[in-house]
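# Notes for the structure review
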Amino acid sequence: MNLENLKSLFTDKGCQKIFIKKLSPNDNSKNQVYLGGGFEILNILPISKIETVVAGDWKRERFKAKINFSWIGDDCNLYPAPNSQLILYPKYPEVRFSGFLTRCEKAPSELMTQRLADRLLFISVSRDGTILGYVASPASIIAKEFNKTNTATELGVFKVIELLETTNSKLRLIQELKRIHSKDWIISKRLDTHRNILPCDASNCGGYTLEAELGIIPNGYSEPDYLGWEVKQFGVKNFKNINSSVITLMTPEPTNGIYASKGVSEFIHQYGYKDKSGKSGRGDRLNFGGIHKIGIRHATTNLKMELIGFDAEEGKIRNTDGRIALVDIKGNEAASWSFSAMLLHWNRKHNQACFVPSLSETNSEKKYKYGNNILLGIGTDFQFFLKAMSVGNIYYDPGIKMENVSTKPKIKRRSQFRMVSKNLPSLYKINERIDISNY
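Residues numbered from 1 in each chain as written. Predicted model: local features only at pLDDT ≥ 70, side-chain atom pairs only at ≥ 80, totals over all residues. Heavy atoms only, no water.

## Focus: the packing of helix α4 (residues 169-182) against helix α5 (residues 205-214)
Put simply, the rule reads: Lines fitted to the C-alpha atoms define the axes, with helices restricted to the stretch that makes contact. Angles between their N-to-C directions range from 0 to 180 degrees. Note on conventions: DSSP H or I runs of at least 4 residues are helices, E runs of at least 2 residues are strands, and numbering of each starts at the N terminus. Throughout, a crossing is termed right-handed when the near helix is turned clockwise from the far one, and left-handed when it is turned anticlockwise from it by less than a right angle. Residues count as neighbours in contact if any of their non-hydrogen atoms are within 4.5 Å of one another. Note that Gly is not counted as nonpolar here; it falls among the polar residues with everything else outside the nonpolar set of Ala, Val, Leu, Ile, Met, Phe, Trp, Tyr, Cys and Pro and the charged set of Asp, Glu, Lys and Arg.
For the pair α4 and α5, the least separation of the axes is 10 Å and the interaxial angle reads 115°. Our pair here, α4 against α5, has a crossing hand that is right-handed. Side by side, α4 and α5 meet where Glu 176, Leu 177, Arg 179 and Ile 180 of the first sit next to Leu 210, Glu 213 and Leu 214 of the second. Residue classes in the contact of α4 with α5 are distributed as four nonpolar, no polar and three charged.

Dropping the structure here:
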């Protein structure tokens, strides 16, 4: 097999990029394969589950992240390695790859059990989310061909080869947004799961309308929206000032606390309050809302938000059972979000994000117009998210309600983590403000 054969195989599987690491002697099945400091690799590789592992005899707290990994054999067939996982050590931080030989029918054991320098590990992600891997010896044709190339870019410990049909995804996104901007006012709409265009009259139709224009079907998956980019719309009063708008970053449900263990109804009855709309409020309704920031007890809900297990000064997770928690005056956790659950969602979905300002009009019918100045953020880490929370730049701002409290209660859940647009650069390694009309 040569390099072009391998690239063609990855392309046939729907892969967008190939990530290549030159392995050191310590990169083997005994010592695990080092994939870099920080959690940047989670921006690349999809993970299906994260579990926390307490320190124990190892004296190292860690996360274990399950991945769907298969080796590519020299016969070009795929051989699943079902025990494959990523080990995340938050205190360093670093990520290692393990379990990749166990129970695999034709694993490259000869290469991955020895301490041989300069082996090449090629990995990529197929269209169905399977992580594919191939390892080449330093004396192989593939290794010799790759070592002569100078077109690969760098990302952490990896060299990156862009596969042809997916090159310039950023430019393609910009050109699509320019087309949408040029349409001026667009009637509010959304797509259903069959890509049928439906009317939209909800408060969040600005996002749905933009997604419909991009051909994005609404879903709850933790995957980027368009060509590897997470696209987020945010409302503004005018296109000249896009730095003071509030952006909803994500809407995860609590994983623990009274909210999860006893249910939303019990949570609202304990911590909610009567509706305050108008002079006397809407009757028979309880709300739970308001901006909750770290270290501040909210005047209405009487809950204080805390970051448990995060070292704000160092910007690192110190405990793998850490969490974002809403704590009442008795010390009970009303609701909490485990770091492991939030980590699973954040890195891959938000690694490349595009923020698009919009104006709305509701005179005769709901319409939206999308601005020419967009914001791009590239390269994130969940620890950036926690750092921004620790200084109050990200806050919890829910919109939870219970209607018909005394008869047939109807509950709406919406847990929102939000940020003012001017603070977005703190979440990304690379930030760009682009005028798409120049493209």
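## Regarding the environment of Ser 98
Along the chain, Ser 98 turns up in strand β8 (residues 94-98). Spatially, the C-alpha atom of Ser 98 lies 48 Å from that of Ala 299, the residues being 201 residues apart in sequence. Beyond its immediate chain neighbours, meaning those up to four positions away, Ser 98 contacts Gln 32, Asn 83, Ser 84, Gln 85 and Ile 87.

## Focus on empty space enclosed by the protein
Threshold: Whether a set of points on the 1 Å grid over the protein atoms alone is a cavity depends on a 1.4 Å probe fitting there but being unable to get out, while an open set qualifies as a pocket with protein on both sides within 12 Å along at least five of seven lines; lining residues are those with an atom within 4 Å of a point. Grid points are joined across faces, edges and corners, and a volume is the space filled by probe spheres set on the points.
The final tally for this structure, using the stated rule, is one cavity of 30 Å³ or more. Of the voids in this model, the largest cavity is the one considered here, and its volume is about 40 Å³. Every residue lining the largest cavity is listed: Leu 35, Leu 45, Ile 67, Phe 69, Leu 86, Phe 97, Leu 121, Ile 123 and Ile 131.

## Quick word on the sheet that holds strand β3 (residues 49-53)
What counts is decided by this rule: Pairing between strands requires that DSSP locate at least two bridges from one strand to the other.
Read across the sheet, five strands follow the order β2-β8-β7-β4-β3 without closing on themselves; strand pairing throughout is antiparallel. Of all strands in the sheet, those with a lone pairing partner are β2 (33-37) and β3, marking the two edges. Strand after strand, the sheet turns through a mean of 25° between neighbouring axes, direction not considered. Bridge count for strand β7 (residues 85-89) against β8 is five bridges, and the pairing is antiparallel. Within β8, the residue paired with Tyr 89 across the bridge is Glu 94.

## Focus: unusual backbone geometry
Between Tyr 92 and Pro 93 the backbone carries a cis peptide bond, its omega angle lying at -10°. Of note, Pro 93 is situated in the loop between β7 and β8. Positive phi is not limited to glycine here, since Asp 118 has a value of about 70°. One can find Asp 118 in the loop between α2 (109-112) and β9 (119-125). The phi dihedral of Arg 195 is positive, around 70°, even though this residue is not glycine.

## Quick look at the packing of aromatic side chains
Here is the rule: Any Phe, Tyr or Trp ring, taking Trp's six-membered ring, that has another such ring centre within 6.5 Å forms a pair; planes under 30 degrees apart are called stacked, those over 60 apart edge-to-face, and the others tilted. Each residue gets one of three labels from its accessible area relative to the maximum for its type: buried under 20%, exposed over 50%, partly exposed in between, using a 1.4 Å probe on protein chains only. Note on criteria: charge over ring means Lys NZ or Arg CZ within 6 Å of the ring centre, with the direction from the centre no more than 35 degrees off the ring normal.
One pass over the full model with this rule turns up 19 aromatic pairs. For the pair Tyr 89 and Tyr 92, a centre-to-centre distance of 6.1 Å together with 75° between the ring planes defines the contact as edge-to-face. Between Phe 122 and Tyr 134 the ring centres are 6.5 Å apart and the planes differ by 55°, which places this aromatic pair in the tilted class. Of this pair, Phe 122 sits in strand β9 while Tyr 134 sits in strand β10 (residues 131-136), and the two are 12 residues apart along the sequence. Accessibility classification places Phe 122 together with Tyr 134 in one group, the buried group. Taken together through their ring pairs, the aromatic side chains of Trp 337, Phe 339, Trp 346, Phe 382, Phe 385, Tyr 396 and Phe 417 make up a single cluster. Over the face of the ring belonging to Tyr 273 we find Lys 276, whose NZ or CZ atom lies 4.8 Å from the ring centre.

## A closer look at the pattern of salt bridges
Threshold: Here a salt bridge means any side-chain nitrogen of Lys or Arg lying within 4 Å of a carboxyl oxygen belonging to Asp or Glu.
A full pass over the atoms with the stated rule returns 22 salt bridges. A salt bridge links Asp 397 to Arg 418; the shortest N-O distance between them is 3.0 Å. Here Arg 418 lies in strand β31 (residues 417-420) and Asp 397 lies in the loop between β28 (394-396) and β29 (399-403), a separation of 21 residues in the sequence. Each of the two residues, Asp 397 as well as Arg 418, counts as buried.

## Observations concerning the pairing of β10
Remark: a regular strand shows side chains that alternate across the two faces of the sheet. By the criterion of burial, β10 is predominantly enclosed, with six of the six residues buried. Every second residue of β10 is oriented toward a common face, with Ile 131, Gly 133 and Val 135 on one face and Leu 132, Tyr 134 and Ala 136 on the other, all of them buried. Alignment of strand β5 (residues 69-72) against β10, held across three bridges, turns out to be parallel. Looking at the pairing, Phe 69 lines up with Ile 131 of β10. Strand direction decides the pairing type here: β9 and β10, joined by six bridges, are antiparallel. In the strand pairing of β10, Leu 120 is matched with Ala 136. Counting the residues between successive antiparallel strands, the hairpin from β9 to β10 contains five residues, one of them, Gly 129, with a positive phi of roughly 90°.

## So, the side chain of Thr 248
With respect to the helices, strands and loops of the structure, Thr 248 is situated in strand β17 (residues 246-250). Take Thr 248: its relative accessible area is 19%, and that puts it in the buried class. Beyond its immediate chain neighbours, meaning those up to four positions away, Thr 248 contacts Lys 232, Gln 416, Phe 417 and Arg 418.

## Here's the deal with the state of the cysteines
So the rule is basically this: Disulfide: a pair of cysteine sulfur atoms within 2.5 Å of each other.
All chains considered together, the criterion is met by one disulfide. With its sulfur 1.9 Å from that of its partner, Cys 200 forms a disulfide with Cys 205. Judged by the sign of its S-S torsion, about -85°, the bond between Cys 200 and Cys 205 is left-handed. For the pair shown, Cys 200 and Cys 205 are each scored as buried.

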